[in-house]
Amino acid sequence: MTIQWFPGHMTKARRQIEEKLKLIDVVIELIDARIPLSSRNPMIDDILRGKPRLIVLNKSDLADAKETERWIAYFAAEGHRSIAVDSSTGTRVNEIPVLAKELLQHKIQRQIDKGINPRAVRGLIVGIPNVGKSTLINRLAGRNIAATGDRPGVTKGQQWIKVGTEMELLDTPGILWPKFEDQLVGYRLAMTGAIKEQVLNVEDVAFFAVKAIAGRYWPQMQERFGVEEPPKDLEDADEVVRVMEEIGRKRGCLVGGGRVDLEKASGIILRELRAGKLGRITLEAAQSEV
Ligand code: GDP
C-alpha cells in the first residue's frame, strides 16, 4: 500500500511515534541494506531524541555483502550499533533482541544494583513503508500478527508481543515518511520498490538503475541480460540508453520498424533488479558517504 505523504500525515506519524517512545526502551530503526541512506527518514535523529537505537539493515539477502560490511562500519563511526538481517527467511533476526539488550546494559545493571528485577526490554520497530517492518515483526513473534495498520493515523489497540523471554515489541510499527527533497533518493526508492515507480517515470527510474548498476556491477548486468559492451561513459545519457535498448532487444521488446519499446524494457529491468535476479546489488556505496 502506498501512502501519499501530506504534511498532516507526517505530523500525525511523528506524534504517534513520540507517544510510543514513552512506552519503550529501545528503537529498532529498519532500513533497506541496498539503499541505507535513502531508506532513512530525514528527521529520525530529531524524532528519536537520543532514545537507544539499533539500526537493522533489512533485505541484506539482496544487497552486496561487502558493501553491507562497510555500512555497518559507517554507522559504527556515527555511534550506532547495526546489524544486517534478512527478515524474509529470518537470517540473523534472532540476534536483534540480544543486541537491543546490550544497548541497555547500563540501565539494566543499575536496576540490578538497586535490587530491582529487570523486566523484558521493550522495543518499537520504525521505518519507511515497504522496508519490511511487518515481515520482521512476524519473524520476531514467530507467528503472523494480524495485518498491521499500515497507515499513519490508523491505529488498533496496541499490544505487546513477546520475543523470547527477554524482549517485548509493540505490535504496530512506527511508520515514517521517506526523503522527498532529493530526486536521486526518489529514484533509488523507486528502484527498490519502496515507492511505486508510477509516481515517477518508469523509463527514468530504469535509466538511473542501469547507470548505477553498470558502473559497479557490470558483470552481473552482462550475465543477466547478455549485453556485450558496457557504457563507455556513464555520464553520457546516450550510452546508458544504448544499454537499455540492447536489453530490450535481447528480451524481444520491439515495436514497429525494429525500434525498442523502452518502457517495456524498463519494466523488465526494474522487476528483475527488485527480485534479485541480477544478483546482490547495493545502490548506495558507504565509501562515498563517509
Ligand atoms: P512494511 O511496509 O515495512 O511493513 O514492509 P513489509 O513487511 O510489508 O515488506 C515489504 C516487502 O518486502 C514484502 O514483499 C516482503 O516480503 C519483502 N521483504 C521484507 N523483508 C525482506 C527481506 O529481508 N528480504 C527480502 N528479499 N524481502 C523482504
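Keep in mind that what you see is a predicted model, and the values were worked out from it rather than measured.

Draft legend 1. Just the overall build of the chain, in detail. Secondary structure summary: the chain contains 11 helices and 7 strands in total. Relative to the 2.2 N^0.38 estimate, which gives 19 Å for 290 residues, the radius of gyration of the chain is 21 Å and therefore close to what a compact globule would have. Counting only C-alpha atoms, the chain reaches 80 × 35 × 35 Å along its principal axes. Counting every position in the chain, which comprises 290 residues, the buried fraction comes to 39%. Restricting the contact set of the chain to residue pairs at least 6 apart, pairs at least 24 apart contribute 68%.

Draft legend 2. Main features of the UniProt feature "binding site: GTP" (unreviewed entry) in the chain. UniProt records the feature "binding site: GTP" (unreviewed entry) at Asn58, Lys59, Ser60, Asp61, Asn130, Val131, Gly132, Lys133, Ser134, Thr135 and Gly174, using the numbering of this structure. Taken along the chain, the residues just named run across 117 residues; in space they spread out, the farthest C-alpha pair reaching 23.5 Å. Relative to the helices and strands, threonine 135 is located in helix α6 (residues 133–141). Secondary-structure assignment places glycine 174 in strand β7 (residues 174–175).

Draft legend 3. Summary view of the site of the ligand. Every one of the 16 residues lining the ligand counts as a neighbour, but Ser88, Gly132, Lys133, Ser134 and Thr135 are closest to it. Here the shell around the ligand gets 3 residues from one element, more than from any other, and that element is α6. Across the shell around the ligand, the residue classes break down as 3 nonpolar, 8 polar and 5 charged.

Draft legend 4. Geometry of the nonpolar core. With 70 residues, the main nonpolar core has Ile28, Val56, Met191, Ala209 and Val210 as its most contacted residues. Residue contributions to this core peak at 9 residues, all from helix α8 (residues 202–216). Contact partners of valine 56, with chain neighbours within four places excluded, come to Ile28, Glu29, Leu30, Ile83, Val85 and Ile96.

Draft legend 5. Structural context of unusual backbone geometry. Residues other than glycine seldom take positive phi values, yet arginine 49 does so here, at roughly 40°. Considering the arrangement of structural elements, one finds arginine 49 in the loop between α2 (44–48) and β2 (53–58). For lysine 59, which is not glycine, the phi dihedral falls at a positive 60°. Residue classification places lysine 59 among the buried positions, given that 25 C-beta atoms sit within 10 Å.

Draft legend 6. Region of interest: the domain arrangement of the chain. Taken domain by domain, the chain holds domain 1 (7–175) and domain 2 (201–274). A separation of 36 Å is found between the C-alpha centroids of domain 1 and domain 2.

Draft legend 7. Broad picture of helix α11 (residues 262–274). End to end, α11 covers 18 Å across 13 residues, agreeing with the expected 18 Å (1.5 Å per residue, within 8%). All of the buried residues along α11 are Ala265, Ser266, Ile269, Leu270 and Leu273. Here the buried residues of α11 occupy an arc of 130° about the axis, which is enough to place them on one side. One or two positions beyond α11, positive phi appears at glycine 276, with a value near 80°.

What counts and how
Residues numbered from 1 in each chain as written. Predicted model: local features only at pLDDT ≥ 70, side-chain atom pairs only at ≥ 80, totals over all residues. Helix = DSSP H or I, 4+ residues; strand = E, 2+ residues; numbered from the N terminus. Rg over C-alpha atoms; globule rule 2.2 N^0.38 Å. Buried ≥ 20, exposed ≤ 12 C-beta atoms within 10 Å, placed from the backbone. Contact = placed C-beta atoms within 7 Å. UniProt positions renumbered as here; feature names shortened; annotations may be inferred. Near = placed C-beta within 6 Å. Nonpolar A, V, L, I, M, F, W, Y, C, P; charged D, E, K, R; others polar. Core = buried A, V, L, I, M, F, W, Y, C linked by C-beta atoms within 7 Å. Domains from an automatic or database assignment. Expected span 1.5 Å × (residues − 1). Arc of directions from axis to C-beta.

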